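Report on the structure
Chain residues, written in single-letter form:
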Amino acid sequence: MLDILIANGLIIDGTGNPGYYGAVGVQDDKVSIIRGSLEDVEARRVIDATDHVVCPGFIDMHSHAGLVILSEPEHHPKVRQGITTELIGVDGNSYAPFRSHDDFLAFVEINSGLDGNPPLPGQWSTVEQYLNMFDRKTAVNIAYILGNSPVRINAMGWEDKPATSADLANMKAIIREAMEEGAFGLSTGLEYPPGNYADTDELVELSRYVADLGGFYHTHVRYKDGDRFLDPFNEALDIGRRSGIPVHITHFFQSVPIRGGGRRMLQLVEDAAAEGQDVTFDSYPYILGSTRITIVFPDWTHDGGPAKVKEVMRSDEGRARLRREVTPRAPSWGDMWLTYFKQPQNHQYEGLSVAEVATMRNQHPVDALCDLLLEEDLQTCYVAAGSNGNTLPAFVTHPLSMVGSDAVLVGDFPSPRTYGCFPVILAEYVREEQQMSLPNAIRKMTSFPAQRLGILDRGILRDGMKADITVFHPKNVHAPANRANPKQFPIGIEYVIVNGTVVIDGGEHTGALPGRALKHRR
Ligand SMILES: [Zn+2]
């Protein structure tokens, strides 16, 4: 007797192969494919998938749910997109290990405009304890990658200084423990202190060690490096070549307005792959990006941690220097919209641009930001256009790309990618614009990321695989989230099954929390 029988659907198995009509059985947490007559098949529950696609659950290669999901474990914005596994710990910012709880709290604070600062259900210090917070307590599976920021904080503190050989030895010991407890590799976010204080040689040394342990390198590159165009990606590829580590470039798209620039970026990666380098990337299909607003403050303000950032903002001298040095991370302050305010008097600024807020407060934009950040304990987030919409499809549809939502789960006005990233690809890239085939789009959301992570029992619908399954209506699937009204759930994602348990049932959340903490195995 099967637990669930999903009958009459078009099965697209995640490999990139075309679909076929058949039935998918679920027993406990495993899949079986049923061919031929269903007459003798007994099941406790039958889901009629007529006119629907049945495929593996989607895997998000760039998740910012490492804290938020612990306080909102049903994880509606993501699981309703058909996502069943997320990679957390990206951008060099992972929330374990932390030997000192004060360091943990400071790290949460400095990143709160990106990863939130929600009430947490408990305390942890090791990766193992952290992963236990998720296991069977969240709607989706979690895969964890170790950020180099906590590695550096644990070994060297918050300062901008080069690593000594003793520091490197300490960092390797931290990496070994994290990898043994299930981390899938090392992430960097080379605009986020203190991880960005690491130079290339340090990252090569650590990556060689991670590669020996079977992990990969997931990088938000050093965008301000060298020519600010190809050099940041050259550094990532160089780290791969010198250390032997597989390289994954996250949120890869054209942000620099150079004609032909998108093609040249892709060529760089294609050339590396043609030379035999193991390199992949992820992209998200929206122009609007988002992160913590503190990213606009120069590195020196962070040298020493969040207490230092606040000290600089409070001092007249610091303010004067910030007014001279801080520039918008967009064409102008009018192109950066603020969100995620906790102080009631600041809610009026939700969704307004920095320029608008500065005018309302009759302040210089940098002073407005500093005052707000001090009131908000640094938690403010912003949204702005980040990529060239003309070249974005070449990235999203590229054979080496998978999907990383980069969904920021805080504030009233997040980027629409938070609610629409995966379905918009199915609806617009595949159905409306025919930029790629449906089996290929599904491959990028399922087996390809599973292969990159080294998860061998998910990402393909085949006998014996784990029952992470998404059932959607290919003609109706639609992502209504937009800039003005970003918190809209997708339409047409009808069933989402995680480890054999139905989480989305007829488009509604069942409240089930069957997600597991997946662990890297060599
Ligand atoms: Zn990033």
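Here, every reference points to the structure presented above.
Let me begin by describing the structure that accompanies this report. (Residues numbered from 1 in each chain as written. Predicted model: local features only at pLDDT ≥ 70, side-chain atom pairs only at ≥ 80, totals over all residues. Heavy atoms only, no water.)

What follows is about unusual backbone geometry. Here the residue pair Ala96 and Pro97 is connected by a cis peptide bond, since its omega of -5 degrees sits within 30 degrees of zero. Along the chain, Pro97 falls in the loop between strand 7 (83-88) and helix 3 (101-110). The amide bond that connects Pro193 to the next residue, Pro194, takes the cis arrangement and shows omega of -5 degrees. The residue Pro194 is located in the loop between strand 10 (185-189) and helix 8 (200-212) in this model. The phi angle at Asp51 is positive, at roughly 70 degrees, despite the residue not being glycine. Mapped onto the secondary structure, Asp51 falls in the loop between strand 4 (43-48) and strand 5 (53-56). Looking at Asp51, the relative accessible area reads 58%, which means it is exposed. (Helix = DSSP H or I, 4+ residues; strand = E, 2+ residues; numbered from the N terminus. Buried < 20%, exposed > 50% of the residue type's maximum accessible area, 1.4 Å probe, protein only.)

Here we take up the sheet that holds strand 12 (residues 247-249). Strand pairing in a sheet takes place through backbone hydrogen bonds and is either antiparallel or parallel in direction. Within the open sheet, the six strands sit side by side as 9-10-11-12-13-17. Their pairing is parallel. Either end of the sheet is taken by a strand with one partner, and the two such strands are strand 9 (146-147) and strand 17 (401-403). One ladder, built from five bridges, connects strand 10 with strand 11 (residues 216-220); its direction is parallel. Across the sheet, the residue bridging to Gly189 is His220, located in strand 11. (Pairing = 2+ DSSP bridges.)

Attention now goes to the packing of aromatic side chains. Tallied over the entire structure, the rule returns 18 aromatic pairs. Relative to Phe395, the ring of Phe252 has its centre 5.2 Å away and its plane inclined at 75 degrees; by these criteria the two rings are edge-to-face. Taken as a pair, Phe252 in the loop between strand 12 and helix 10 (261-274) and Phe395 in helix 16 (residues 392-396) lie far apart in primary sequence, 143 residues in all. With respect to class, Phe252 is no different from Phe395; both count as buried. (Phe/Tyr/Trp six-rings, centres within 6.5 Å; stacked < 30°, edge-to-face > 60°.)

Let us now look at the sheet that holds strand 6 (residues 58-60). If you trace the four strands from one edge of the open sheet to the other, you get 6-7-8-22, paired in parallel fashion. The sheet is open, and its two borders are formed by strand 6 and strand 22 (517-518), each paired with just one other strand. Bridging between strand 8 (residues 141-144) and strand 22 involves two bridges; their strand directions are parallel. Within the sheet, the bridge partner assigned to Ile142 lies in strand 22 and is Ala517.

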